[in-house]
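Take a look at the letters that make up each chain.
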Amino acid sequence: MGRVMLTETVFRDAHQSLLATRMRTRDMLPIAEQMDQVGFFSLEVWGGATFDSCIRYLNEDPWERLRALKKAMPNTPMQMLLRGQNLVGYRHYADDLVDRFVKRAAENGVDIFRIFDAVNDIRNMERSIKAAKKMDKHVQAGISYTISPVHSNEQFAQFAVQLAELGCDSICIKDMGGLITPKNAYDLIRAIKKEVNLPVNLHTHCTSGMAQMSYFHGCQAGVDILDTAMSPLSGGSSQPATESLVAALKGTPYDTGLDLELLTEIKRYFERIMEIYAPVFNAIASRVDTNVLVYQIPGGMLSNLVSQLNEQKAMDKYEEVLAEVPKVRKDLGYPPLVTPTSQIVTTQAVLNVVTGDRYKMVPKEVKDYVKGLYGKSPAMIDPKVRIKVLCDEDAVTVRPADLLPPEYEEAKKAVDALGLAKKEEDYLTYALYPQVALKFLKGAATEESLVKKDMASDLGASLKAEPLALNVEIDGEAYLVKVAPAGMTIQEAQPKAPTDGVTVPMQGVVIRYKVKKGDRVAKGDPVAVLEAMKMEQNILANKDGKIREIYVKEGTTVAPGDVLISIE
């Protein structure tokens, strides 16, 4: 036991938890030099949702962010969160992509790779661990912490042994839900320390209100590193406050040795930053929510659930969905709730409640999970659910990535054909997020406005001859609003569609059609793919016949009941 080191999360997890991952690089750089003087064990600056958010909302190159921060903070190790075989996306990527991505991340500035897998399937972590070790980088292996009838401290400690055998440099207890009690924090750290001679990092969130107590018990158990966030971006579904912990441990055997006066100067900067980001500050995610102890839904996931139910005009079903989440989690073999399993479980719970028929609608990702394409579930999946989801398909037992052919060269060809690549990283960006990356690489992406002063001009530029669908939040309630060009009603601007056509059950974006005008289909055939709640869902034909008309363009936001296709 001795001095405790801190990993500062303000540039990644803190704003991912409270500000929907919207902090721009230009708001990080002015304070970077001072952050570099503190003496943190590491600064978490990359990975998680930051990659997606940069190209989707901020019109920023995530690779440029990494290089800029490394240049501004040369003395403090840069850390990223890597989702194992999922990298920074929501699906498994082929091994060749994993190797190249990790190599380029290391070359661009990542010193510490925190690598985890949502279901703690070590097969999904091996390739990225090996790739990071090949680059001579520090690998911090994450254990996705959860509570269930099939998880125990002993099991987690044995997992740590397996990770140590792969050559990992430290172990992180990754408690994304803020579920770890002070006693469990103490017992688990002691159990891991007994089995492996590696530094242990405890990562939690303040969602349940127990984090600070769990951190102190962790210190007593011999924890080496704790994750904290500068106070203006701490608490709620973020981490405990850095300054508070430094003050609390001062003069104890666990004293961090960090300068509280310097931290207070830095804090003033982030207070000003929070004023800028007030429009995206999530009030729900910022408060203690003891529901997490019952439902195990992390704060960020909870705010997303509220938003989705508002969009579906189903907020009256909130309590019903909350109660459905643990049932779905049990059906699916008790996966820890972290990206992407948190989205998989919650989306299925919403669909079960909104449609009124459990597992009638199953997103592609849920089917893939049940099939074993995300790895081995912690417990056996309910046989009835398995049959309902997979029908007569067999589940997969091999390492999921063994089924994936190499991806990089195909992505390279696609980008080269359009002449969009300026550097190797552009190929990787496209391979990870093809649709979003194309818009970004073409220079067609725009920076999302934090304060919607320029809404009118945005609308004027966007409106053509069709209504524009917007999500508008008023007093915390989200509404789908459709806007038509001046001089036209919504009905006039909307293509005329029959009332008995193929409709969508929930709000989402039409990603692609699987049919074209004139094609013959049978009832139940997939005709379109809808992206809702980060999941892809097939929209099925409502009868046999021929496609008469397609009414909505790909890329359009649709509301529940909107007609996509008519069949004659």
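Structure: above.
Residues numbered from 1 in each chain as written. Predicted model: local features only at pLDDT ≥ 70, side-chain atom pairs only at ≥ 80, totals over all residues. Heavy atoms only, no water.

Focus: the environment of valine 552
Next, step 1: Looking at the secondary structure, you find valine 552 in the loop between strand S16 (545–550) and strand S17 (557–558).
Next, step 2: Under the relative-accessibility criterion, valine 552 is labelled buried at 8%.
Next, step 3: Residues valine 552 and isoleucine 565 lie 13 residues apart in sequence; the distance between their C-alpha atoms is 7.9 Å.
Next, step 4: For valine 552, the residues in contact, after removing those within four places along its chain, are Val510, Tyr513, Val558, Val563 and Leu564. (Helix = DSSP H or I, 4+ residues; strand = E, 2+ residues; numbered from the N terminus. Buried < 20%, exposed > 50% of the residue type's maximum accessible area, 1.4 Å probe, protein only. Contact = heavy atoms within 4.5 Å.)

Concerning the side chain of threonine 9
Next, step 1: Along the chain, the position of threonine 9 falls in the loop between strand S1 (5–8) and helix H1 (13–18).
Next, step 2: Here threonine 9 falls in the buried class, since its relative accessible area comes to 0%.
Next, step 3: Within the structure, the side chain of threonine 9 is placed 2.8 Å from the side chain of glutamine 239, a separation counted as a polar contact.
Next, step 4: Beyond its immediate stretch of four places on either side in the chain, threonine 9 contacts Ala14, Glu44, Asp227, Thr228, Ala229 and Gln239. (Polar contact = N/O pair within 3.5 Å; in protein donor to acceptor, adjacent residues only side chain to side chain.)

Focus on the pattern of salt bridges
Next, step 1: For the structure on display, the rule yields 40 salt bridges.
Next, step 2: Close ionic contact of arginine 100 with glutamate 424 constitutes a salt bridge, the shortest N to O distance being 2.9 Å. Placement of arginine 100 in helix H5 (residues 95–108) and of glutamate 424 in helix H19 (residues 424–432) is noted, with a sequence separation of 324 residues between them.
Next, step 3: We classify arginine 100 as partly exposed; its relative accessible area is 31%.
Next, step 4: Accessibility expressed as a relative area gives 25% for glutamate 424, which makes it partly exposed. (Salt bridge = Lys/Arg side-chain N within 4 Å of Asp/Glu carboxyl O.)

Digging into the sheet that holds strand S7 (residues 200–203)
Next, step 1: Strand order in the closed barrel made by the eight strands is S1-S2-S3-S4-S5-S6-S7-S8, with parallel pairing throughout. Averaged over all neighbouring strand pairs, the angle between strand axes comes to 30°, with direction disregarded.
Next, step 2: The sheet contact formed by strand S2 (residues 42–47) and strand S3 (residues 78–82) spans four bridges and is parallel. When the sheet's bridge partners are listed, tryptophan 46 is paired in S3 with methionine 80.
Next, step 3: Seen against the sheet, helix H8 (residues 182–195) touches strand S5 (138–144), strand S6 (170–174) and S7 and runs at an angle of roughly 155° to S7. (Pairing = 2+ DSSP bridges. Axes fitted to C-alpha atoms, helices over the stretch in contact; angles between N-to-C directions.)

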